[in-house]
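# Structural characterization, general
Read off the chains here:
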2 protein chains.
Amino acid sequence: MGGTNIAAAVVDKSGAVLSRASLPTPRGVGAQAVASAMARAAQDAYEQGGFTLSDIASVGVGSPGTVDPEQGLIRRWYKMGFENVPITALLARALPKPIFLENDANCAALGEYAAGAGRDVRSLVAITLGTGVGGGVVLDGSIYTGFQHAGMEPGHMVVAHGGRLCACGRRGCLEAYASASALITRTREVLGLAQADGKTAFLEAKQGNPLAMQVVEEYISYLACGIVNLVNLFQPELVCLGGGVAEQGERLLTPLQDILARENYARGLPQRTRLVQAALGNDAGILGAALLPFYSHVSTGSYSLSQGS
Amino acid sequence: MGGTNIAAAVVDKSGAVLSRASLPTPRGVGAQAVASAMARAAQDAYEQGGFTLSDIASVGVGSPGTVDPEQGLIRRWYKMGFENVPITALLARALPKPIFLENDANCAALGEYAAGAGRDVRSLVAITLGTGVGGGVVLDGSIYTGFQHAGMEPGHMVVAHGGRLCACGRRGCLEAYASASALITRTREVLGLAQADGKTAFLEAKQGNPLAMQVVEEYISYLACGIVNLVNLFQPELVCLGGGVAEQGERLLTPLQDILARENYARGLPQRTRLVQAALGNDAGILGAALLPFYSHVSTGSYSLSQGS
């Protein structure tokens, strides 16, 4: 579920997408209408594949904002004006199945862990470079979310004390330097362009534009700073980078890997954290959501995963 | 075990110290001599309390540097020149008991979790403000260490991109701003003093010295930045601050709590991370080491806690 579209898919246990559908997210019409659209998207998806509701074992929902998977609540989703929306209960009316809810970045991390770049590792940090900088941590099959499920916000880790103002109110957040939005803003500023997207600086830099090279170098420097910080804290077996900017592939990864090799606090150890591109693209979130029933959470409070039905 | 002293104590299951002893860490004489001194300190401690070796159930060791609890190795302890020292095996010769090894900052975190400030919580981040900035995370009774046990180095999280050079080689690490050493260096620089300790700036600020107030304010601003970062990533139920600087108590905690209340990404939720002073002082590490057998690790690799014997 996103602020623009609702994407639904039928996914099997192995993480294969069997059929899919999507429709626009209804705006300004309240949470029940959004839940009804979600149920409709799900129905479209299973009918598309020739399935019926009885073929569906459970429903996984990935939502932006802060969610409470225990209570099936979207606590806050600013863009939609949602506050304490019982999305699981609303959805269950039209979709009478066990329903699992999780934050979308956590779903993407779980998707990569279960069926993508992290298939063969026991611990993974996934970072998504989009409008913001999202992230998720999976440790030995459990999503780590924090005691109120609002942890792992790498975008709101300050890497430049007193630096650029972030939408969250802090100064110097990683998101203000390493999101696709920050890259685009900086591309426009430095190159003096009225229009630019997340690829412009990389394209121009490849053609030798020194200003674009400066933008790319700065972007990589801050992103690397955030990645090394996460490695020095979580030391996961793998970090994977997703989102639009990550599609730059080796042009982004190679300099990031060089900085990680130099600045990783555990660089002297024989086994070190690897940094790779995410493997599932936009499907990571949908796969992770679908596979939620097979994974658990690192317990950091009185907590057991509940499900609507 | 430290670079200056080896402290030993007999600790019961509840985390009470029954007797203790300490002796200087032998320097420049090799790992076997250090292990022998550790065994001697342990013997002094139990004899001091009128115990014999048969009263001792197990031995816990807290060590600086990067350790491998599985293999009983000190992988790297730069100050002592240790590299891949099998400390558990060396110690077991003189102390034939199950021996548990962990990093000293992790032991301190576990001590606070089991018997100190975190007695009543399920998740805790402990930060120690000393020569460096150390840290540990305990999640529902498990120490989180990373896949090669070298994670949770909050001192080596960059908060000021391109800032002060840190001993680790990065620029702008939290340790270069928020350690007691950094505070002392800054106090000397700004106040123009030949001698200063970790209390000088706080004392002078209390007496209205504007330069000292500036040093304290700057110190608190960077430390708060690091703490909020950790809260935005781990969202533990509790953060506790230990080490010499934390003895400033409310004068340090109140402004830090104010900044956390303002900048915590999850500040809108009804339940938020609390920030308190550590409760056990220098005993946190020794208690945590002794209690290691009763706790486990968050699994992030093929891993089960082994023990020498």
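A brief look at the structure comes next. (Residues numbered from 1 in each chain as written. Chains lettered and ligands numbered in written order. Predicted model: local features only at pLDDT ≥ 70, side-chain atom pairs only at ≥ 80, totals over all residues. Heavy atoms only, no water.)

## Comments concerning the overall build of chain A
For chain A, the count of helices and strands is nine helices and 13 strands. Radius of gyration (C-alpha) of chain A: 20 Å, near the 19 Å computed for a compact globule of 309 residues. On the principal axes, the C-alpha backbone points of chain A span a range of 60 × 50 × 35 Å. Within the span of chain A, comprising 309 residues, buried residues form 58% of the whole. Charge centroids of chain A, computed over 23 positive and 25 negative side chains, lie 3 Å from each other. (Helix = DSSP H or I, 4+ residues; strand = E, 2+ residues; numbered from the N terminus. Rg over C-alpha atoms; globule rule 2.2 N^0.38 Å. Buried < 20%, exposed > 50% of the residue type's maximum accessible area, 1.4 Å probe, protein only. Lys, Arg positive; Asp, Glu negative; His and termini not counted. Charge placed at Lys NZ, Arg CZ, Asp CG, Glu CD.)

## Observations concerning the relation of the copies chain A and chain B
Superposing chain A onto chain B takes a rotation of 180 degrees plus a shift of 0.0 Å along the axis, which leaves an RMSD of 0.0 Å. What the superposition gives is, in effect, a two-fold axis relating one chain to the other. Take the interface residues of chain A: 100% of them recur as interface residues in chain B, which is what a same-surface contact looks like. (Least-squares fit on C-alpha atoms with pLDDT ≥ 70 in both. Contact = heavy atoms within 4.5 Å.)

## Quick look at helix α5 (residues 180-191) of chain B
Residues and elements named next belong to chain B. Along its twelve residues, α5 runs 16 Å from first to last C-alpha, staying within 8% of the 16 Å computed at 1.5 Å per residue. All of the buried residues along α5 are A180, A182, L183, I184, T187, V190 and L191. Considering only its buried residues, α5 is in contact with β8 (123-129), α4 (175-178), α6 (200-206) and α7 (210-234). (Expected span 1.5 Å × (residues − 1).)

## Thoughts on the nonpolar core
Among the nonpolar cores identified, the biggest contains 102 residues, and L241(A) and L241(B) are the most heavily contacted of them. In this view, L241(A) contacts I127(A), L129(A), L223(A), I227(A), A246(A), L252(A), L253(A), L256(A), L275(A), V276(A), Q277(A) and A278(A); residues no more than four positions away in its chain are not counted. (Core = buried A, V, L, I, M, F, W, Y, C linked by side-chain atoms within 4.5 Å.)

## Some points on the environment of G2(B)
Residues and elements named next belong to chain B. Counting through the fold element by element, G2 comes out in the segment before β1 (5-11). Spatially, the C-alpha atoms of G2 and D104 are 8.7 Å apart, while their sequence positions differ by 102 residues. Excluding residues that lie within four positions of it along the chain, G2 makes contacts with T25, P64 and W77.

## Let's talk about the packing of helix α1 (residues 31-48) of chain A against helix α2 (residues 87-94) of chain A
Describing two packed helices takes the angle between their axes plus the distance from one axis to the other. All names here are of chain A. The interhelical angle for the contact between α1 and α2, taken along N-to-C directions, is 50 degrees, at an axis separation of 9 Å. Of the possible angle classes, the one that applies to α1 and α2 is oblique. Between α1 and α2 the crossing geometry is right-handed. Contact residues: α1 offers A31, Q32, A35, M38 and A39, while α2 offers I87, L90, L91, R93 and A94. Looking at the contact of α1 with α2 residue by residue, the class counts come to eight nonpolar, one polar and one charged. (Axes fitted to C-alpha atoms, helices over the stretch in contact; angles between N-to-C directions. Parallel < 35°, antiparallel > 145°, perpendicular 65-115°, else oblique. Left-handed = near helix turned anticlockwise from the far one by under 90°. Nonpolar A, V, L, I, M, F, W, Y, C, P; charged D, E, K, R; others polar.)

## Thoughts on the side chain of K97(B)
All names here are of chain B. Mapped onto the elements of the fold, K97 is located in the loop between α2 (87-94) and β7 (99-103). Buried and unpaired, K97 has D55 as its nearest opposite-charge partner, separated by 8.5 Å. Of the polar contacts made by the side chain of K97, one reaches the backbone oxygen of L53; its length is 3.2 Å. (Salt bridge = Lys/Arg side-chain N within 4 Å of Asp/Glu carboxyl O. Polar contact = N/O pair within 3.5 Å; in protein donor to acceptor, adjacent residues only side chain to side chain.)

## A word on the sheet that holds strand β4 (residues 66-68) of chain B
Residues and elements named next belong to chain B. Spatial strand order, β4-β5-β6: three strands in an open sheet with antiparallel pairing. Each end of this open sheet is capped by a strand with a single partner; those strands are β4 and β6 (82-85). Strand-to-strand twist across the sheet, computed as the mean angle between neighbouring axes with direction ignored, equals 15 degrees. (Pairing = 2+ DSSP bridges.)

## As for the side chain of T200(A)
Mapping T200(A) onto the fold places it in helix α6 (residues 200-206). Those residues in contact with T200(A), other than ones at most four positions away along the chain, are T187(A) and L193(A).

## Details of the packing of aromatic side chains
In the structure shown here, the tally under the stated rule is nine aromatic pairs over all chains. Ring geometry for F234(A) and Y144(B): centres 6.2 Å apart, planes at 70 degrees, overall edge-to-face. Highlighted residues: F234(A) in helix α7 (residues 210-234) and Y144(B) in strand β10 (residues 142-144), drawn from two different chains. Its relative accessible area of 1% is what places Y144(B) among the buried residues. An aromatic cluster is present here, built from Y144(A), F234(A), Y144(B) and F234(B) joined pairwise through their rings. (Phe/Tyr/Trp six-rings, centres within 6.5 Å; stacked < 30°, edge-to-face > 60°.)

## Re the pairing of strand β12 (residues 274-277) of chain B
Successive residues of a regular strand alternate their side chains across the two faces of the sheet. Residue and element names in this part refer to chain B. Judged from the four bridges that link them, strand β11 (residues 238-242) and β12 form a sheet pairing that is parallel. In the sheet register, V239 faces β12, and the bridge partner there is L275. Taking the sense of rotation as the criterion, the β-α-β connection linking β11, helix α8 (residues 250-263) and β12 turns out right-handed. (Right-handed = clockwise from strand over helix to strand, strands pointing away.)

## Structural notes on the interface of chain A and chain B
Taken together, the contact pairs 53 residues of chain A with 53 residues of chain B. Summed over both sides, the interface between chain A and chain B buries roughly 4,600 Å², with carbon and sulfur atoms accounting for 57% of that surface. Scanning the region where chain A abuts chain B turns up two salt bridges. Residue R170(B) is joined to E263(A) by a salt bridge in which the shortest nitrogen-to-oxygen separation is 2.8 Å. Joining chain A to chain B, the criterion identifies 38 residue pairs in polar contact (both at pLDDT 80 or more). Mapped by element, the contributors of at least two residues to the side of chain A that touches chain B are β5 (73-77) and α7 of chain A. Counting residues per element, the side of chain A that touches chain B draws most heavily on α7(A), which supplies nine residues. (Buried area = accessible area lost by both parts, 1.4 Å probe.)

## Comments concerning helix α9 (residues 283-291) of chain A
Looking only at α9(A), the buried set comprises A284(A), I286(A), L287(A), G288(A), A289(A) and L291(A). The elements touched by buried residues of α9(A) are β1 (5-11), β2 (17-24), β3 (59-63) and α3 (104-115) of chain A.

## Section: the pattern of salt bridges
Residues and elements named next belong to chain B. The final tally for this structure, using the stated rule, is 16 salt bridges over all chains. With a closest N to O distance of 2.9 Å, R186 and E189 form a salt bridge. Placement of both R186 and E189 in helix α5 is noted, with a separation of three residues, approximately one turn of the helix. Judged by its relative accessible area of 52%, E189 falls in the exposed class. Taking the shortest distance from any N to any O, the salt bridge between E218 and R186 comes out at 2.7 Å. With a gap of 32 residues between them, E218 in helix α7 and R186 in helix α5 connect regions that are remote in the sequence. Using a relative accessible area of 21% as the deciding quantity, one classes E218 as partly exposed.

## Points about the sheet that holds strand β6 (residues 82-85) of chain A
All names here are of chain A. Pairing in this open sheet of three strands is antiparallel, and the strands run β4-β5-β6 from one edge to the other. Strands at the two margins of the open sheet, each flanked by one partner only, are β4 (66-68) and β6. The average undirected angle you get between the axes of adjacent strands in this sheet is 15 degrees. In terms of strand pairing, β5 meets β6 through three bridges, oriented antiparallel. Its bridge partner lying in β6, I74 is registered against V85.

## Things to note about the pairing of strand β8 (residues 123-129) of chain A
Residues and elements named next belong to chain A. Most of β8 sits out of view: six of its seven residues are buried. Where β8 and strand β9 (residues 133-139) come together, seven bridges link them in antiparallel fashion. Each residue of the ladder has a partner; that of S123, found in β9, is L139. With antiparallel pairing between neighbouring strands as the criterion, β8 and β9 make up a hairpin whose turn holds three residues. Inspection of the sheet shows β8 paired to strand β11 (residues 238-242) by five bridges, in the parallel sense. Of the residues in β11, the one forming a bridge with T128 is G242.

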